[in-house]
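Per-entry structural report
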Amino acid sequence: MLDDMLKESVLVDLGYVDGKALAQARKDADAVPTVPDLLCDVLALEAGLRSLM
């Protein structure tokens, strides 16, 4: 889902999330054994907003 979010994101489009920072977080997440909580929260919020559309 994060890869899809990098292409088109409600949160990025509205200015709530920095697209460049999100892309960097995606790269960083590949290097660690667990995904940071904040990144999970952003993904959950994005999924919730998409479900309303």
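Scroll up to find the structure.
A brief look at the structure comes next.

About the cut-offs
Residues numbered from 1 in each chain as written. Predicted model: local features only at pLDDT ≥ 70, side-chain atom pairs only at ≥ 80, totals over all residues. Heavy atoms only, no water. Helix = DSSP H or I, 4+ residues; strand = E, 2+ residues; numbered from the N terminus. Expected span 1.5 Å × (residues − 1). Buried < 20%, exposed > 50% of the residue type's maximum accessible area, 1.4 Å probe, protein only. Arc of directions from axis to C-beta. Contact = heavy atoms within 4.5 Å.

**Describing helix α4 (residues 37–52)**
Spanning 16 residues, α4 covers 23 Å between terminal C-alpha atoms, matching the ideal 22 Å at 1.5 Å per step. Among the residues of α4, Leu39, Val42, Leu43 and Glu46 are the ones counted as buried. Each buried residue of α4 lies within a common arc of 95 degrees when the element is viewed along its axis, so the set occupies one face. Exposed and facing more than 90 degrees away from the buried side of α4 are Asp37, Leu38, Asp41, Ser51 and Leu52. Considering only its buried residues, α4 is in contact with α1 (2–7), α2 (10–13) and α3 (19–30).

These figures come from the coordinates and say nothing about function on their own.
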